[in-house]
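What follows is each chain in one-letter form.
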Amino acid sequence: MFSIVRPALVASLATFCASLALTAGCERPGPAPPAVGNAPPAQAERVVVDAPRRKTLTLTTTQPGRIEAFEQAPLAAKVAGYVESVQVDIGDTVAAGQPLLTLKVPELKDDERRHEALVVQARAELKQAEAAVVGAKAAVASAEALVAQAGAGQARVESEIERWQAEHRRIAELAEARTVTQKLADETLNQLNAAESARRETDAAVRSAEARRDEARANVVKAESDQGAAAARVQVAEAELAKARTMASYTEITAPFAGVVTRRNVDTGHLVSPGGAGAAPLLVICRTETVRVFVDVPELEAERVDAGKNGDPAVVAVQALGNLKRPARVTRAAWSLDPANRSLRTELDLENRDGVLRPGMFALVTITLDERPDVLCLPATAVVRDGADAYCFVVHGGKLVRRPITPGLRVGPDVEVTAGLQPTDSVVVAPSPALKDGQTVTAAKLEAK
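Read on for a plain summary of the structure. (Residues numbered from 1 in each chain as written. Predicted model: local features only at pLDDT ≥ 70, side-chain atom pairs only at ≥ 80, totals over all residues. Heavy atoms only, no water.)

### Section: the overall build of the protein
So, point 1. Summing up its helical and strand segments, the protein has 4 helices and 20 strands in all.
So, point 2. Counting only residues that meet the buried cut, the protein has 31% of its 449 residues in that class.
So, point 3. Of all intrachain contacts in the protein linking residues separated by at least 6 positions in sequence, the fraction that spans at least 24 positions is 77%.
So, point 4. With the model as given, the accessible surface of the protein reaches about 28100 Å², and the carbon-plus-sulfur share is 54%. (Helix = DSSP H or I, 4+ residues; strand = E, 2+ residues; numbered from the N terminus. Buried < 20%, exposed > 50% of the residue type's maximum accessible area, 1.4 Å probe, protein only. Contact = heavy atoms within 4.5 Å. Areas by Shrake-Rupley, 256 points an atom, 1.4 Å probe, with all protein chains shown as cover.)

Shown next as structure tokens:
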């Protein structure tokens, strides 16, 4: 039975395959017929276009800030002593130089009086030294007069010697000729010897007078040196007195500037010591007619912060004061970033003559980092980045044209274009990755909002 069925099945399969082959040969497409008449071309891709628009782009950053006093001085004692009186309390407004606190240190007053007496003593010694200089100079003048007198006597004796020398020679010649007696010749010789003895005496007197003159001159030098030393002692005494008075002045603590007392940690009768690092201040004064607003600008925006002579404009809003807003300008910046949060410490000085702004308040600060008036802009979606280059697609004559551009400032959805576009260009607003340069497209105008 199996042998009978098998030939029949084979015949049926052959017939079925033949029919399939015939059917397939009838549906295979032949060569495409040529276009006839106005047959429609393949449909182009549809894109939305818009012209670049002119806008004023303003780049701002809004960051939380805090208000602090323009200056804050923690006041401490320079000297140890008892508090004699405290003239102010917290919240008091003080003027620059106003006494705030007085210490009682009697030993400083005693030291001041002692140095005053030392100054008087030093000045008296200086007067004595000046008088000694005058006396020494007078002694020099007297000694010089004695030298002159001794010199005159010496000249007179020399004349006498010359006279008796000549007389002795003449008498000696006459005695040899027996014109005069020998006794007369001996007498002239004795006169000559006496004159020579007188010369030796006057020479000694001259040397003695010159020695006294030199001694007097030395005394002048010494007296002048003593005078200089006395003058120096006066200066030292006066300097010590000034130091004593300065130390005594530390018993009164005054306000370094006009401001408000914000802390008081002392009462009358307290024993205070000289303040050092970590010691609690006696009083704290804050200068508040101008306040500082501290803002931390993030790293990405830090480069644009301008803290020059005319810093970036800003608006300070204080929520605690009913969202009070005051204009300000960036006054200074730290230049280096804080490694803890990678932000730039920025400060704004704000007038506070009405005293409304208080140190410690929080604020919301909006800083205008850059402003470009009337610039050509594109939507950020229209700009395509290719590494360091940027371009957009422009529709011209129904075809896409890849147009290199130079982007500038970006603010929100808008990007400034500094080069590469004309105001009349039709730019693809949101190009897809499949678009190609030279591709045929159908442009649809972006509907105005």
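### Thoughts on the sheet that holds strand β5 (residues 99–104)
By definition, the strands of a sheet pair up through backbone hydrogen bonds, in either a parallel or an antiparallel sense.
So, point 1. Sheet architecture is open: 4 strands sit in the order β6-β5-β3-β8, paired in antiparallel fashion. Two strands lie at the open edges of the sheet, namely β6 (252–254) and β8 (271–272), each paired on one side alone.
So, point 2. Where β5 meets β6, 3 bridges bridge the pair, whose relative direction is antiparallel. Considered in β6, the bridge of P99 is made with T254. (Pairing = 2+ DSSP bridges.)

### Describing the packing of aromatic side chains
So, point 1. Inspection of every chain in the model, using the stated rule, returns 1 aromatic pair.
So, point 2. Ring geometry for Y391 against F393: centres 5.7 Å apart, planes inclined by 85°, an arrangement best described as edge-to-face.
So, point 3. Cation over ring: R292 sits above F70, and NZ or CZ is 4.2 Å from the ring centre.
So, point 4. Its end group placed over the ring of Y391, R402 keeps NZ or CZ at 3.7 Å from the ring centre. (Phe/Tyr/Trp six-rings, centres within 6.5 Å; stacked < 30°, edge-to-face > 60°. Lys NZ or Arg CZ within 6 Å of the ring centre and 35° of its normal.)

### Comments concerning the pattern of salt bridges
So, point 1. All chains considered together, the criterion is met by 27 salt bridges.
So, point 2. A salt bridge links D386 to R402; its shortest N-O distance comes to 3.3 Å. Of the two residues, D386 is situated in strand β14 (residues 384–386) and R402 in strand β16 (residues 399–404); the sequence distance between them amounts to 16 residues.
So, point 3. D386 sits in the partly exposed class, given a relative accessible area of 41%.
So, point 4. Among the charged side chains, a network of salt bridges with common partners joins R292, R332, E347 and D349. (Salt bridge = Lys/Arg side-chain N within 4 Å of Asp/Glu carboxyl O.)

### Notes on the pairing of β5
So, point 1. Where strand β3 (residues 81–86) meets β5, 4 bridges bridge the pair, whose relative direction is antiparallel. Residue pairing in the sheet places S85 in a bridge with T102 of β5.

### What to know about the pairing of strand β1 (residues 45–50)
Along any regular strand the residues' side chains alternate between the sheet's two faces.
So, point 1. The sheet contact formed by β1 and strand β20 (residues 441–445) spans 5 bridges and is parallel. Bridge pairing links V47 to A443 in β20.
So, point 2. One ladder, built from 2 bridges, connects β1 with strand β19 (residues 427–428); its direction is antiparallel. Bridging from a neighbouring strand, D50 pairs with V427 of β19.

### Some thoughts on the nonpolar core
So, point 1. The biggest cluster of nonpolar side chains holds 27 residues, and the ones touching the most others in it are I67, V293, V316 and V365.
So, point 2. Of all elements in the fold, only β2 (53–75), β9 (283–298), β10 (313–318), β11 (324–338), β12 (343–351), β13 (362–379) and β17 (406–411) reach the threshold of two or more residues within this core.
So, point 3. With 6 residues, β13 is the single largest residue contributor to this core.
So, point 4. With near-sequence residues (within four places) excluded, V316 lies in contact with V293, L324, K325, R326, A328, L350, A363, L364 and V365. (Core = buried A, V, L, I, M, F, W, Y, C linked by side-chain atoms within 4.5 Å.)

### Describing unusual backbone geometry
So, point 1. Residue W335 is not a glycine yet carries a positive backbone phi of 75°.
So, point 2. Note that W335 resides in strand β11.
So, point 3. W335 gets classed as exposed once you look at its relative accessible area, which sits at 79%.
So, point 4. Notably, D374 is not glycine yet its phi reads approximately 50°, a positive angle.
So, point 5. Along the chain, D374 falls in strand β13.

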